[in-house]
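Listed below are the residues making up each chain.
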Amino acid sequence: MRVLVVTAVPAERDAVTRAFEDGSGTRTHRVPGAELHRAGPFDVLAGGAGPAAAAAATAFGLASGPYGLVVSAGIGGGFVPAAPVGSLVVASGIVAADLGAETPGGFVPVTGLGFGRDRFTPPPARVRDVAAATGALAAEILTVSTVTGTADRAAALLAAHPGAAAEAMEGFGVAEAADRVGTPALEIRAVSNAVGPRDRDAWRIGDALAALTEAFGKLVPVLEGWTHHDRNDS
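Residues numbered from 1 in each chain as written. Predicted model: local features only at pLDDT ≥ 70, side-chain atom pairs only at ≥ 80, totals over all residues. Heavy atoms only, no water.

Chemist: Please give an account of the overall build of the chain that cites residues and values.
Modeler: Counting its secondary structure elements, the chain contains six helices and 12 strands. Expected size for 234 residues packed as a compact globule is a radius of gyration near 17 Å; at 17 Å, the chain falls within 12% of this value. For the chain, the spread of C-alpha atoms along the principal axes amounts to about 55 × 40 × 35 Å. Out of the 234 residues belonging to the chain, those deemed buried represent 47%. (Helix = DSSP H or I, 4+ residues; strand = E, 2+ residues; numbered from the N terminus. Rg over C-alpha atoms; globule rule 2.2 N^0.38 Å. Buried < 20%, exposed > 50% of the residue type's maximum accessible area, 1.4 Å probe, protein only.)

Set out below in structure tokens:
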């Protein structure tokens, strides 16, 4: 089973492919709308920041398939104390936290407006497998178009989504594109900073990218187990 991995930026893409620097090398393959970096069982592309760019890149990548799984991956902010800097989170739910409308009574999600959806639930068994293999926390990951920069906003997000442990900008877009073609999606985030007031001096981007590399190195045996199981079920 081949897996499409979608990151926002090349640094995250390269962190994933570094997990396979064992002599097998990485091959680059251009397809309409995307550049795929093939490493082991993964085709990895840097699709751009935000849910719209992520959805478009994922759609182009999937068109070059077939793929058995799509993974939104990269670094992100963690809600402390659940997800400290340097930790990993795998999404038990991929939630569009700011898709909706502001009203005098507060924020109303798009589902409350009577259309659309605001969350995807990844396959629970695969979430558990990833968490067990990598040591990641299984929790909701919020997709936001505007990264949180204040304590008040962080508190409001947690009040609305008490099961959340991380936020990033692409997961929901990736999951939306994958769902359109019936392909399951996961999201994995390495925490580079705490969600809240922006303190760039406290960010640990290098450590988070290293954690992402380590996590993907541990996922190959998990993927092989899924492939074996799928073949036996077919």
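Chemist: How would you explain the pairing of strand β1 (residues 3–7) if you had to name every residue and give the values?
Modeler: For a regular strand, the rule is simple: side chains alternate between the two faces of the sheet. Within β1, five of the five residues are buried, which leaves it mostly tucked inside the rest of the structure. Burial of the side chains of β1 extends over both faces: Val-3, Val-5 and Thr-7 are buried on one face and Leu-4 and Val-6 on the other. Pairing geometry for β1 and strand β5 (residues 69–78), over four bridges, is parallel. Directly across from Val-6, in β5, lies its bridge partner Ser-72. (Pairing = 2+ DSSP bridges.)

Chemist: Describe in detail the side chain of His-37, supporting the description with residues and values.
Modeler: Mapping His-37 onto the fold places it in strand β3 (residues 34–39). At a separation of 3.5 Å, a polar atom in the side chain of His-37 contacts the side chain of Arg-13. Of note is the side chain of His-37, whose polar atom sits 2.9 Å from the side chain of Glu-35. For His-37, the contacting residues outside a window of four places in its chain are Arg-13, Thr-17, Thr-26, Arg-27, Thr-28, Phe-42, Asp-43 and Val-44. (Polar contact = N/O pair within 3.5 Å; in protein donor to acceptor, adjacent residues only side chain to side chain. Contact = heavy atoms within 4.5 Å.)

Chemist: Describe helix α2 (residues 51–63), with residues and values.
Modeler: A rise of 1.5 Å per residue sets the reference length of α2, with its 13 residues, at 18 Å; its end C-alpha atoms lie 18 Å apart and thus fit the reference within 8%. Among all positions of α2, only Ala-54, Ala-57, Thr-58, Gly-61 and Leu-62 are buried. Seen along its axis, α2 keeps its buried residues to an arc of 135°; they face one direction. More than 90 degrees from the buried face of α2, the exposed residues found are Ala-52 and Ala-63. Buried residues along α2 sit against β1, β4 (42–46), β5 and α5 (171–180). (Expected span 1.5 Å × (residues − 1). Arc of directions from axis to C-beta.)

Chemist: Quick rundown of the nonpolar core? Include the residues and the values.
Modeler: Counting residues in hydrophobic clusters, the biggest one holds 32 residues, and the most contacted among them are Val-5, Phe-42, Val-71 and Phe-216. By residue number, the principal contributor to this core is helix α6 (residues 205–233), which donates 11 residues. Beyond its immediate stretch of four places on either side in the chain, Phe-42 contacts Arg-2, Val-3, Val-5, Phe-20, His-37, Phe-216, Leu-219, Val-220 and Leu-223. Counting residues in hydrophobic clusters, the runner-up holds 27 residues, among them Leu-4, Leu-62, Val-70 and Val-89. (Core = buried A, V, L, I, M, F, W, Y, C linked by side-chain atoms within 4.5 Å.)

Chemist: I'd love a proper account of the pattern of salt bridges, names of residues and values included.
Modeler: Pairing of side chains with opposite charge becomes possible as their charged atoms draw close. A full pass over the atoms with the stated rule returns 10 salt bridges. Ionic pairing is found between Arg-2 and Asp-43, a salt bridge with its closest N-O pair at 2.9 Å. Taken together, the positions of Arg-2 in the segment before β1 and Asp-43 in strand β4 put the pair 41 residues apart, joining distant regions of the chain. For Arg-2, a relative accessible area of 24% translates into the label partly exposed. Of the charged contacts, one joins Glu-176 and Arg-180 as a salt bridge, the two residues approaching to 3.3 Å between their closest N and O atoms. Placement of both Glu-176 and Arg-180 in helix α5 is noted, with a separation of four residues, approximately one turn of the helix. Look at Glu-176 and you get partly exposed, because its relative accessible area is 21%. (Salt bridge = Lys/Arg side-chain N within 4 Å of Asp/Glu carboxyl O.)

Chemist: How would you explain the environment of Val-127 if you had to name every residue and give the values?
Modeler: With respect to the helices and strands, Val-127 occurs in helix α3 (residues 124–134). Of the residues examined, Val-127 reaches a relative accessible area of 5% and is grouped as buried. For Val-127 and Ile-141, which are 14 residues apart along the polypeptide, the C-alpha to C-alpha distance reads 12 Å. For Val-127, the contacting residues outside a window of four places in its chain are Val-90, Ala-91, Ser-92, Pro-122, Ala-138 and Leu-186.

Chemist: Outline the packing of α2 against α5, supporting the account with residue identities and numerical values.
Modeler: Taken N-terminus to C-terminus, the directions of α2 and α5 make an angle of 35°; their axes are 7 Å apart at the nearest point. The handedness of the crossing between α2 and α5 is right-handed. On α5, the residues that touch Pro-51, Ala-54, Ala-55, Thr-58, Ala-59 and Leu-62 of α2 are Gly-173, Val-174, Ala-177 and Ala-178. Class assignment of the residues belonging to the contact of α2 with α5 gives a composition of eight nonpolar, two polar and no charged. (Axes fitted to C-alpha atoms, helices over the stretch in contact; angles between N-to-C directions. Left-handed = near helix turned anticlockwise from the far one by under 90°. Nonpolar A, V, L, I, M, F, W, Y, C, P; charged D, E, K, R; others polar.)

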